[in-house]
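Summary of structural features
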Amino acid sequence: MASVASLLDSRFGRLGVQFAKFGVVGVIGLVVDTIVLYAGLALGLQFFAARVPSFFAAATATWALNRAFTFRGAASEPLHRQWAKFIAANAIGGVVNYGVSVGLESTVQMVAEHPFLAVAAGSIAGMFFNFAASKHLVFKGA
C-alpha cells in the first residue's frame, strides 16, 4: 500500500492523477458535445454544421471544469483571457476532433447512423494534445 501512495505522490503519479481528472472532465464535455450536437441535428442542421456549436459548448464546459477541478492550482488570470487561451491552445486538438468525427461520419455507415460514435472518436483523438496544451500553455503552474 505504501508503494501506491509513494507512486501517487511522485511527479509521474501526480501527472497521472491530473490526466485522469482531465479525462473525467472530458467525458462531461463529451456529454455536453453530444447534447448540443443532437439539438443542432433536431433543428435541421447538417452534421458538419452542428459540430461547430457542439464543439464550442463542450470546450467552454471543459475549460470551466478544468479550471476548477483538474488544474485548480494554476496561476489565475482574467477569465476571458484564460478562456480565449484555452480555446486557442485547444484549437489544434479541436481540428483533430472535428476532422476525425466528420471523416468517420461521412465514411462509416454505422457511425453515420450513430453520431455519438463520431463525437467519441473525435474526442479521444484530440484528448492527448489538449491535455498537453492545457497543462503547459493555459493552466501553467498546476
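All values derive from a computational prediction rather than experimental measurement.

1. Re the UniProt feature "domain: GtrA/DPMS transmembrane" (unreviewed entry) in the protein chain
Sites flagged by UniProt as "domain: GtrA/DPMS transmembrane" (unreviewed entry) map to residues 21–139. Between the C-alpha atoms that bound residues 21–139 there is a distance of 14 Å. The span itself is 87% helix and 0% strand.

2. Observations regarding the UniProt feature "transmembrane region" (unreviewed entry) in the protein chain
UniProt records the feature "transmembrane region" (unreviewed entry) at residues 20–41, 47–65, 86–104 and 116–133, using the numbering of this structure. Secondary structure content for residues 47–65 is 100% helix and 0% strand, while the C-alpha to C-alpha distance between its ends is 26 Å. Counted over residues 116–133, helix gives 100% and strand 0%. Its end C-alpha atoms are 25 Å apart.

3. Comments concerning the pattern of salt bridges
One pass over the structure, following the stated rule, counts 2 salt bridges. With a shortest N-O distance of 2.5 Å, D33 and R51 are connected by a salt bridge. Linking D33 in helix α2 (residues 11–42) with R51 in helix α3 (residues 47–70), this pair joins segments that are 18 residues apart in sequence. By the burial criterion, D33 is buried, and R51 matches it. The salt bridge involving K85 is made with E77; its shortest N-O contact spans 3.1 Å. For E77, a relative accessible area of 17% puts it in the buried group.

4. Description of the packing of aromatic side chains
In this structure the tally under the stated criterion is 8 aromatic pairs. Both rings, one in F19 and one in F128, keep their centres 5.4 Å apart while their planes meet at 20 degrees; by these two values the pair is stacked. Here F19, found in helix α2, pairs with F128, found in helix α7 (residues 115–138); they are 109 residues apart in sequence, far enough to count as distant. Here the aromatic rings of F55 and F56 are separated by 5.4 Å at their centres, their planes lie at 75 degrees, and the arrangement is edge-to-face. Looking at F55, the relative accessible area reads 19%, which means it is buried. With relative accessibility at 39%, the residue F56 sits in the partly exposed group.

5. Looking at the environment of A121
When you line up the elements, A121 lands in helix α7. Each C-alpha atom of the pair A121 and A49 lies 18 Å from the other, and the pair is 72 residues apart in sequence. What A121 contacts, discounting residues up to four positions off in sequence, is V100 and L104.

6. Section: the confidence of the model for the protein chain
Overall, the prediction assigns the protein chain a mean pLDDT of 89, with 97% of residues at 70 or greater. The secondary-structure element of the protein chain with the lowest mean pLDDT is helix α1 (residues 2–9), recorded at 69, while α3 shows the highest, at 94.

7. Section: α3
Among the residues making up α3, those that are buried are F47, A50, R51, S54, F55, A58, A59, T62, W63, N66 and T70. Packing partners of the buried residues in α3 comprise α2, α4 (79–89), α5 (91–107) and α7.

8. Focus on the packing of α5 against α7
Contact geometry of α5 with α7 gives a least axis separation of 7 Å together with a crossing angle of 155 degrees. In terms of orientation, α5 and α7 fall into the roughly antiparallel class. Note on packing geometry: the crossing formed by α5 with α7 is right-handed. Here I92, G93, G94, V96, N97, V100, S101, L104 and E105 of α5 lie close against α7, whose contacting residues are A118, V119, A121, G122, S123, A125, G126, F129 and N130. A class-by-class count of the residues in the contact of α5 with α7 yields 9 nonpolar, 8 polar and 1 charged.

Calculation notes
Residues numbered from 1 in each chain as written. Predicted model: local features only at pLDDT ≥ 70, side-chain atom pairs only at ≥ 80, totals over all residues. Heavy atoms only, no water. UniProt positions renumbered as here; feature names shortened; annotations may be inferred. Helix = DSSP H or I, 4+ residues; strand = E, 2+ residues; numbered from the N terminus. Salt bridge = Lys/Arg side-chain N within 4 Å of Asp/Glu carboxyl O. Buried < 20%, exposed > 50% of the residue type's maximum accessible area, 1.4 Å probe, protein only. Phe/Tyr/Trp six-rings, centres within 6.5 Å; stacked < 30°, edge-to-face > 60°. Contact = heavy atoms within 4.5 Å. pLDDT = per-residue confidence, 0-100. Axes fitted to C-alpha atoms, helices over the stretch in contact; angles between N-to-C directions. Parallel < 35°, antiparallel > 145°, perpendicular 65-115°, else oblique. Left-handed = near helix turned anticlockwise from the far one by under 90°. Nonpolar A, V, L, I, M, F, W, Y, C, P; charged D, E, K, R; others polar.

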